[in-house]
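Residue-level structural notes
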Amino acid sequence: MSLRSFVKKLGAGPRFLRGRKSDLPAPPILREPERFPYGPFRCKTQLLPGSQYSVLASPNLRTWIPIHQGKAQDGPVEYLDSEAPKFTYRFYRLLTDEVYSANVIGYASVSLPPGFSIITNPFDSSATVEDTFKKWPDGTSLNRFDTRLFRLVENAIKAGKWLAPGEKLLRGEGAIFFNPTSDYKMASFVGEVRQGNLSAPVPSGFSLRASLVPQAGNLVEDLGFPIAEGDVIHLFDREQQKYFLHPYRDGKWPAGPPVVAVGEAFWVAKSESRNWVQNLIIQS
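Analysis parameters
Residues numbered from 1 in each chain as written. Predicted model: local features only at pLDDT ≥ 70, side-chain atom pairs only at ≥ 80, totals over all residues. Heavy atoms only, no water. Phe/Tyr/Trp six-rings, centres within 6.5 Å; stacked < 30°, edge-to-face > 60°. Helix = DSSP H or I, 4+ residues; strand = E, 2+ residues; numbered from the N terminus. Buried < 20%, exposed > 50% of the residue type's maximum accessible area, 1.4 Å probe, protein only. Pairing = 2+ DSSP bridges. pLDDT = per-residue confidence, 0-100. Contact = heavy atoms within 4.5 Å. Polar contact = N/O pair within 3.5 Å; in protein donor to acceptor, adjacent residues only side chain to side chain. Axes fitted to C-alpha atoms, helices over the stretch in contact; angles between N-to-C directions.

Applying the stated rule across the entire model yields 18 aromatic pairs. Chaining the aromatic ring pairs together yields one cluster made of F133, W136, W162, F177 and F189.

If you want it as structure tokens, here you go:
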């Protein structure tokens, strides 16, 4: 049999396969995540009218519980989580016709006391500095550390506006935020949770770094940081406004292992450059 005849003979097969695939609905996509200041979280999706769906929530990307069930009507489906103020961070996915949404979204609230905080945006997001830090007074600043020039690069509010309003705080990147007021304030990061095999370089010397996934825990055992002999992790306590050092010597932590919160970044003094590899697979 020639190759051409063999290909023609397969003509009936793809029809059957296409028929089966058409029975499976396309995974929905959660869009437009938004956290209202100190309040609810909202997101939208598009479903076929009449589709039954469930909104699932998780505090850790491992355990999921249904928090809302509904039936799609004409137009976009909108969900508002009025319970969001009870959680520092929360994640969401959708289940409809036994198909999970193609993405997972969420929010993380970060407390910003008077003075300095070292923070990160743990999500993929299009939000700019101006979007995230609205209605802050003059004197507010956000500093990144340039590892090439070995210096801090400042963005600040002057005359009521950010000097670089379109700047973005990227996932895995740390920054030093300064709150010039005498009040405790909150910032909310929202966006999509990046999944799969993730990797980011950690250069030798000093750098500001953060987890690539929005999870809290032991920096090495839970978050997989590539620690090596002689490395020093510098955690900043925003309440006490002081650094606590965690040197890694003789294969252990004399000062105890560093534990990092969601939305928290840290300084690292690295003896040699390594890649920080994290793998996040959200189970169905």
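Continuing now.
Once that is clear, we can look at the environment of F116. Turning to its location among the elements, F116 is positioned in strand β9 (residues 115-120). For F116, a relative accessible area of 38% translates into the label partly exposed. For the pair F116 and Q241, spaced 125 residues apart in sequence, the C-alpha to C-alpha distance is 6.8 Å.

In this section: the pairing of strand β10 (residues 141-146). Within β10, six of the six residues are buried, leaving the element largely enclosed by the surrounding structure. Covered by surrounding structure in β10 are S141, N143 and F145 together with L142, R144 and D146, the residues of both alternating faces. Of the strand pairs in this sheet, β10 and strand β11 (residues 151-158) are connected by six bridges, and their pairing is antiparallel. Within β11, the residue paired with N143 across the bridge is E154. Counting the residues in the hairpin turn of β10 and β11 gives four residues, including F150, whose phi is positive at 55°. Where β10 meets strand β13 (residues 174-179), three bridges bridge the pair, whose relative direction is antiparallel.

With that settled, the discussion passes to the sheet that holds strand β12 (residues 161-162). Here we have five strands laid out as an open sheet, ordered β9-β13-β10-β11-β12, and antiparallel in their pairing. Since the sheet does not close on itself, it has two edges, and those belong to β9 and β12, each with one partner.

What follows is about the confidence of the model for the protein. Do not read the predicted coordinates in detail wherever pLDDT is low. The pLDDT averaged across the protein works out to 91; a share of 92% of its residues lies at or above 70. Scored below 50 in pLDDT, residues 1-21 makes two contacts in the model with residues more than four places away or belonging to other chains.

Moving on: the environment of D131. With respect to the helices, strands and loops of the structure, D131 is situated in helix α3 (residues 129-132). What makes D131 partly exposed here is its relative accessible area of 40%. Remark: the alpha-carbon pair of D131 and N179, spanning 48 residues in sequence, is separated by 16 Å. A polar contact of 3.0 Å, which involves the side chain of D131, links it to the backbone nitrogen of T128.

Below, the discussion takes up the sheet that holds strand β1 (residues 31-35). Read across the sheet, three strands follow the order β1-β2-β5 without closing on themselves; strand pairing throughout is antiparallel. Edge strands, defined here as strands with exactly one partner in the open sheet, are β1 and β5 (77-81). Pairwise comparison of adjacent strand axes, ignoring direction, gives a mean angle of 10° for this sheet. As paired elements, β1 and strand β2 (residues 41-45) share three bridges and run antiparallel to each other. Residue pairing in the sheet places E34 in a bridge with R42 of β2.

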